[in-house]
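# Understanding the architecture of this molecule
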Amino acid sequence: AFIPEGPWGERIYAAYLEEWQALGGRVLEVAYYDAAKTDHGAAISTALNLDSSKARHQQLVRLAGQTLEFEPRRRQDVDTVFMLATPRQARLINPQLSFYRASRLPVYATSHVYTGRVDSSLDADLDKIAFCDMPWILDNKAARDYLQVNIEEYWPANAARYGRFHALGIDAWRVLPYIDQMENNLMGAYQGVTGNLTIDSSRQIHRNLDWAHFKQGLPVRLQSQ
């Protein structure tokens, strides 16, 4: 896991860790990075045990008394990488993961990794990252909600910046007539613009997001299995 230093990173990582462990997962290493910096090589190298690989090489050189051909080898017990990052930091970390021989590891991120605005030139460095987000953000123009079209028409400067908040307000209003039906199991999940909404016995609403990954700098939905 690659987490930014500070309370925001700690809070989200704690929630992730609790859920991941409840599902039977295990976090082998946590690397904290300084979001104000651009070079995260030291944290990545340590997390992937490349430092240990280099140390073993130096020890062999001393024992052999001669120069040896060497290529650092990352740890092999890692299945995935969880990355918590803003778009700016993710564009820096993802290429550095590849540089440090982790290009074949699947990288998963939260919705924080995507600005919500399609920009293939800026987001090319995010390729292969899988992330979760709401339908409001991921739906193509042909399938978009008519309110989304109106918001972009009348408030173009804020449509993308506050898009997720607009969607939250819309679902909060639209779901009200269906609360009793959802609570009494008279309907399945409510298909909202923020995700699939369900309600528990405490009348707390939960939502499941959709998954996408970056391909050639563009967010592409992942098909349900």
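Up top you'll find the structure we're talking about.
About the thresholds
Residues numbered from 1 in each chain as written. Predicted model: local features only at pLDDT ≥ 70, side-chain atom pairs only at ≥ 80, totals over all residues. Heavy atoms only, no water. Pairing = 2+ DSSP bridges. Helix = DSSP H or I, 4+ residues; strand = E, 2+ residues; numbered from the N terminus. Buried < 20%, exposed > 50% of the residue type's maximum accessible area, 1.4 Å probe, protein only. Polar contact = N/O pair within 3.5 Å; in protein donor to acceptor, adjacent residues only side chain to side chain. Salt bridge = Lys/Arg side-chain N within 4 Å of Asp/Glu carboxyl O. Phe/Tyr/Trp six-rings, centres within 6.5 Å; stacked < 30°, edge-to-face > 60°. Core = buried A, V, L, I, M, F, W, Y, C linked by side-chain atoms within 4.5 Å. Contact = heavy atoms within 4.5 Å.

### Topic: the pairing of strand β10 (residues 218–221)
Consecutive residues of a regular strand have side chains that alternate between opposite faces of the sheet. Bridge count between strand β9 (residues 210–215) and β10: 4 bridges; the pairing is antiparallel. Bridge assignment links Ala-212 to a residue of β10, and that residue is Arg-221. Hairpin geometry of β9 and β10 is characterised by an intervening segment of 2 residues between the two adjacent antiparallel strands and by a positive phi of about 55° at Gln-216.

### Quick word on the sheet that holds strand β6 (residues 190–191)
Paired through their backbone hydrogen bonds, the strands of a sheet run either parallel or antiparallel. Spatial ordering of the open sheet is given by β6-β7-β8, a layout of 3 strands whose pairing is antiparallel. Of all the strands in the sheet, the pair left with one neighbour each is β6 and β8 (205–208). As paired strands, strand β7 (residues 196–199) and β8 are joined by 4 bridges and run antiparallel to one another. When the sheet's bridge partners are listed, Leu-197 is paired in β8 with Arg-207.

### As for the side chain of Asp-133
By secondary structure assignment, the location of Asp-133 is in strand β5 (residues 130–133). Judged by its relative accessible area of 1%, Asp-133 is buried. At a separation of 2.7 Å, a polar atom in the side chain of Asp-133 contacts the side chain of Arg-164.

### Things to note about the pattern of salt bridges
The final tally for this structure, using the stated rule, is 6 salt bridges. One salt bridge connects Arg-91 with Asp-123, and the closest N-O pair in it is separated by 2.9 Å. Of this pair, Arg-91 sits in helix α4 (residues 87–99) while Asp-123 sits in the loop between β4 (107–109) and β5, placing them 32 residues apart in sequence. Grouping residues by exposure puts Arg-91 and Asp-123 together as buried. Among the salt bridges present, the one from Arg-221 reaches Asp-210, with a minimum N-O distance of 2.8 Å. Taken together, the residues span a long stretch of sequence, with Arg-221 in strand β10 and Asp-210 in strand β9 at a distance of 11 residues. Look at Arg-221 and you get partly exposed, because its relative accessible area is 32%. Connected through salt bridges with shared partners, the residues Asp-139, Asp-210 and Arg-221 form a single ionic network.

### Considerations on the packing of aromatic side chains
The full count for this structure, using the stated rule, is 9 aromatic pairs. Between the aromatic rings of Tyr-114 and Phe-131, the centroid separation amounts to 5.6 Å while the plane-to-plane angle is 55°, which identifies the pairing as tilted. Here the residue Tyr-114 occupies a position in the loop between β4 and β5, and Phe-131 occupies one in strand β5, the gap between them amounting to 17 residues. The class of Phe-131 is buried, set by a relative accessible area of 0%. Ring pairs connect the aromatic residues Tyr-13, Tyr-16, Trp-20 and Phe-82, which therefore count as one cluster.

### Side note on unusual backbone geometry
Note: most residues except glycine have negative phi, and most peptide bonds are trans. Phi at Lys-128 takes a positive value of approximately 80°, unusual for a residue other than glycine. Topologically, Lys-128 is positioned in the loop between β4 and β5. Of the residues examined, Lys-128 reaches a relative accessible area of 66% and is grouped as exposed. Residues other than glycine seldom take positive phi values, yet Asn-185 does so here, at roughly 60°.

### Things to note about the nonpolar core
If you look at the biggest cluster of nonpolar residues, it comprises 35 residues, and the most contacted ones within it are Phe-2, Met-83, Leu-97, Val-113, Phe-131 and Trp-136. Aside from chain neighbours lying at most four places away, what touches Met-83 is Phe-2, Ala-90, Ile-93, Val-107, Tyr-108, Ala-109, Thr-110, Val-113 and Ile-129.

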